[in-house]
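One letter stands for each residue in the lines below.
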Amino acid sequence: IDYLQKPTSIEILAQAPKLFPQETSSKIVATAVRLPKILPSFSLNYRKKLSQIKIKLGDIAGALVLQNEIVLAYRQTKNTLKEGQALMGLGKAHSRVGNLREAEIAFQDCISRAQQGKHTALEANCSSRLGSIYRDQFDYPKAKSHYTKAINLYRELEHPNEIYPTRYLGFLFESSLNDY
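Below you will find a few notes about this structure. Predicted model only: the values in this text are computed from it and were never measured. (Residues numbered from 1 in each chain as written. Predicted model: local features only at pLDDT ≥ 70, side-chain atom pairs only at ≥ 80, totals over all residues. Heavy atoms only, no water.)

1. Observations regarding the side chain of histidine 146
- Among the structural elements, histidine 146 can be located in helix α8 (residues 140–157).
- Overall, the relative accessible area of 15% leaves histidine 146 in the buried class.
- With residues near it in sequence (within four places) discarded, histidine 146 still touches Ile111, Ser127, Ser128, Leu130, Gly131 and Tyr134. (Helix = DSSP H or I, 4+ residues; strand = E, 2+ residues; numbered from the N terminus. Buried < 20%, exposed > 50% of the residue type's maximum accessible area, 1.4 Å probe, protein only. Contact = heavy atoms within 4.5 Å.)

What follows is the structure, encoded as structure tokens:
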């Protein structure tokens, strides 16, 4: 897919109607002409899946490189939902290897993009995850604040994922705040 996005390949694809033999199916020619427009989304989806595979296989460094590329690509498209989702993926990757400060920044950026685009479910998800980062950093007041924010956002949406930050807040009260 990346090879097809090179400038020389795109030039060739743009000339597809002239390059194919006369008997070539019109569907094939039309697909070749459309490829330059649809390849970037294929490439991003491919990178996203590859990053998830790398995380599962333990290649966190490789996954982080891909996740950063995805974030930058979606930032260029001004798609706040996709960029926020990519930031969440980046935060999860950092969290998985204990890069708590980097995870914190990614989840904060995710919340910011979600608020910009009014993506409440994404904001709730990243708020809950940020609460867990703060819990792991022993910053219990911030953890409590973000879990509560996530719960309220999920309630506003009547979303079933409300159960997760509620559960995490309960654990926080029980284990860290001794307030149960």
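Having seen it, we continue.
2. Some points on the pattern of salt bridges
- With the rule as written, the count across this model stands at eight salt bridges.
- A salt bridge links lysine 54 to aspartate 59; the shortest N-O distance between them is 3.1 Å.
- Linking arginine 75 and glutamate 83 is a salt bridge whose minimum nitrogen-to-oxygen distance equals 2.7 Å.
- One network of salt bridges, with partners in common, ties together Arg75, Glu83 and Arg113. (Salt bridge = Lys/Arg side-chain N within 4 Å of Asp/Glu carboxyl O.)

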